[in-house]
Amino acid sequence: MTFPEAKRVVYKKNPLKNVICQLRFPPILKIDAEVPANFQEKIRNEFPLYRERTEVTQPFMQPMNPNIINQFLSKSSSIKTHEFLSTDEIWKAILTRTFISLSTSKYTQWEHFFEKLNLLINSMFEIYSPPFFTRVGLRYIDVFNRQALKLEGEEWKELLNPSFLGLLSESFGKNIRNCESVYEIK
């Protein structure tokens, strides 16, 4: 899908709390089988810090007979997560056997973000050669705090486009404490 051209706006008080791009691919078992030293060497100038985590996942758990708990536990699996961080830990790259992602808590502009993302993608293809991506996700997490912006008395519908606001633009919108929206575009 091609997005229409739009005028770029840079806010003095950026509402972005976090930006993350995740690229999913069919499992590459080599990522779990060995330490990603070659990958690290490719990105180490930008992401010198490293952490490894192992997450244990288990199938959906329902109340069960204690006699079958051992059988249930044997069905759990683990996922190795390799985290590569910038020195200030503002930028984080994550590599697992099924995805690679980049996130930042100090987003400034797409070109800067894409430069780091491109480094990861090129390094990924050079070392692991994923056949294709099954999903590409780009998430912008905005936090609008009227108090911090000195706009406490303003209605949400006066600050943001009502079609974007949904229920926040309604008369009871002032009673909503939290709102999240997700759009999935084909």
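Our subject is the structure that appears above.
Worth saying up front: this structure is predicted, and the values here are computed from it rather than measured.

A. Quick peek at the nonpolar core. Among the nonpolar cores identified, the biggest contains 24 residues, and F39 and M124 are the most heavily contacted of them. Those elements giving two or more residues to this core turn out to be β1 (16-24), α2 (37-43), β4 (91-95), β5 (99-104) and α4 (110-128). Looking at which element gives the most residues to this core, the answer is α4, with seven residues. M124 has contacts with F25, I28, I31, F39, L95, I100, S129 and P130, leaving out every residue within four places of it along the chain.

B. Examining the environment of S78 more closely. Mapped onto the elements, S78 comes out in strand β3 (residues 77-85). Distance from S78 to T54, taken between C-alpha atoms, is 6.2 Å for residues 24 residues apart in sequence.

C. Structural detail: α4. Between its first and last C-alpha, α4 extends 26 Å over 19 residues, near the 27 Å set by a 1.5 Å rise per residue. The complete set of buried residues in α4 reads F113, K116, L117, L120, I121, S123, M124, I127 and Y128. In a view along the axis of α4, the buried residues occupy a sector of 165 degrees, so they form one face of it. Facing away from the buried side of α4, by more than 90 degrees, are the exposed residues E115 and E126. In the core, the buried residues of α4 are packed alongside β1, α1 (29-33), α2, β4, β5 and β6 (135-142). One or two positions beyond α4, positive phi appears at S129, with a value near 45 degrees.

D. Up close: the packing of aromatic side chains. Tallying each qualifying case throughout the model produces nine aromatic pairs. Ring centres of F39 and Y128 lie 6.4 Å apart, and the angle between their planes is 45 degrees; on these two criteria the pair is classed as tilted. A residue pair is termed long-range when its members are at least 10 positions apart, and F39 in helix α2 and Y128 in helix α4 qualify at 89 residues. Both residues of the pair, F39 and Y128, count as buried. Directly above the ring of W91 sits K116, whose terminal nitrogen or CZ lies 5.1 Å from the centroid.

E. Structural detail: the side chain of Q22. Take Q22: it is sitting in strand β1. Polar contacts involving the side chain of Q22 include one to the side chain of R24, which spans 3.3 Å. Once you skip the residues sitting within four places of it in the chain, Q22 turns out to touch F99, I100, S101, R135, V136 and G137.

F. Expanded view of the side chain of S123. Structurally, S123 is set in helix α4. A polar contact of 2.8 Å, which involves the side chain of S123, links it to the backbone oxygen of L119. Residues within four places of S123 in sequence aside, it is in contact with F39, K42 and I43.

Parameters at a glance
- Residues numbered from 1 in each chain as written.
- Predicted model: local features only at pLDDT ≥ 70, side-chain atom pairs only at ≥ 80, totals over all residues.
- Heavy atoms only, no water.
- Core = buried A, V, L, I, M, F, W, Y, C linked by side-chain atoms within 4.5 Å.
- Buried < 20%, exposed > 50% of the residue type's maximum accessible area, 1.4 Å probe, protein only.
- Helix = DSSP H or I, 4+ residues; strand = E, 2+ residues; numbered from the N terminus.
- Contact = heavy atoms within 4.5 Å.
- Expected span 1.5 Å × (residues − 1).
- Arc of directions from axis to C-beta.
- Phe/Tyr/Trp six-rings, centres within 6.5 Å; stacked < 30°, edge-to-face > 60°.
- Lys NZ or Arg CZ within 6 Å of the ring centre and 35° of its normal.
- Polar contact = N/O pair within 3.5 Å; in protein donor to acceptor, adjacent residues only side chain to side chain.

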